[in-house]
Amino acid sequence: QVLVVESGGGLVQPGGSLRLSCAASSNIFSGSFMAWYHQAPGTPLELVASITSGGLPNYADSVKGRFTVSRDNAKNTMYLQMNSLKPEDTGVYYCKVQRIGKGWDRTDYWGQGTQVTVSS
């Protein structure tokens, strides 16, 4: 059962832009905390940006001023607008949907990832 699907990755030149999308099942999207993670080859997973169920964003210092995270609750979709891309942005981008249950109950759902390559 596929619950989280990323799309929008591709090859782009340095300084270019991409917009990633993360579509999630409405059953887990509603009231969720969502985040984008980046994994460069041979490196640990890094948190890039996150957004609360109410649309409040947060960013890693490395992408502040360049990336914008947003969500469209009507479409059950989170977006990552990536501008001024750098070669170090290259890697797989994963979407995490954190379903918030009662009390301390939290369940993370991950997409399969979408590849972003920034190269001239």
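Residue positions are given per chain, counted from 1 along the sequence in the order it is written. Given that the model is predicted, a residue must reach a pLDDT of at least 70 before its local features are reported, and side-chain atom pairs must reach 80 or more before they are shown or counted; all residues, however, enter totals for whole chains, interfaces and linings. No hydrogens and no water enter the side-chain calculation; it runs on all heavy atoms of the structure.

Participant: Looking at this model, I keep getting lost on the nonpolar core. Mind explaining?
Facilitator: In a soluble, globular protein the nonpolar side chains are often hidden away together inside. Throughout, nonpolar core names a set of buried Ala, Val, Leu, Ile, Met, Phe, Trp, Tyr and Cys residues whose side chains join them through atoms within 4.5 Å. Burial status follows relative accessibility: with a 1.4 Å probe on protein chains alone, a residue under 20% of its type maximum counts as buried, one over 50% as exposed, and anything between as partly exposed. Judged by nonpolar contacts, the single largest core of 25 residues is most densely connected at Trp36, Leu80, Met82 and Tyr93. Of all the secondary structure elements, the ones that give two or more residues to this core are β3 (18-24), α1 (26-29), β4 (33-39), β5 (46-51), β7 (67-72), β8 (77-82), β9 (91-100) and β11 (114-118). A helix here means a DSSP run of H or I that spans at least four residues, while a strand means a run of E at least two residues long, and both kinds are numbered starting from the N terminus. Ranked by the residues each element gives to this core, the list is headed by β3, at 4 residues. Contact between two residues is taken to exist if any of their heavy atoms lie within 4.5 Å; hydrogens are not considered. If sequence neighbours within four positions are ignored, Tyr93 has contacts with Glu6, Leu20, Trp36, Tyr37, His38, Val48, Phe67, Leu80, Met82, Gly113, Thr114 and Val116.

Participant: Looking at this structure, I do not really get the pairing of β5. What am I missing?
Facilitator: Along any regular strand the residues' side chains alternate between the sheet's two faces. For two strands to count as paired, DSSP must find a minimum of two bridges between them. In this structure, β4 lies alongside β5, joined through 5 bridges in antiparallel fashion. Residue pairing across strands places Trp36 opposite Ala49, the latter belonging to β5. Following β4, the chain reverses through 6 residues before pairing antiparallel with β5; Gly42 in that reversal takes a positive phi of roughly 75 degrees. As defined by bridge partners, β5 adjoins strand β6 (residues 57-59) across 3 bridges and the pair is classed as antiparallel. Bridged to Ala49 within β6 is Tyr59. Between β5 and β6, which follow one another and run antiparallel, lie 5 residues, and Gly55 among them has a positive phi close to 95 degrees.

Participant: Looking at this structure, how should I read the side chain of Ser21?
Facilitator: The topology assignment puts Ser21 in strand β3. Beyond its immediate stretch of four places on either side in the chain, Ser21 contacts Val5, Glu6, Ser7, Trp36, Thr77, Met78 and Tyr79.

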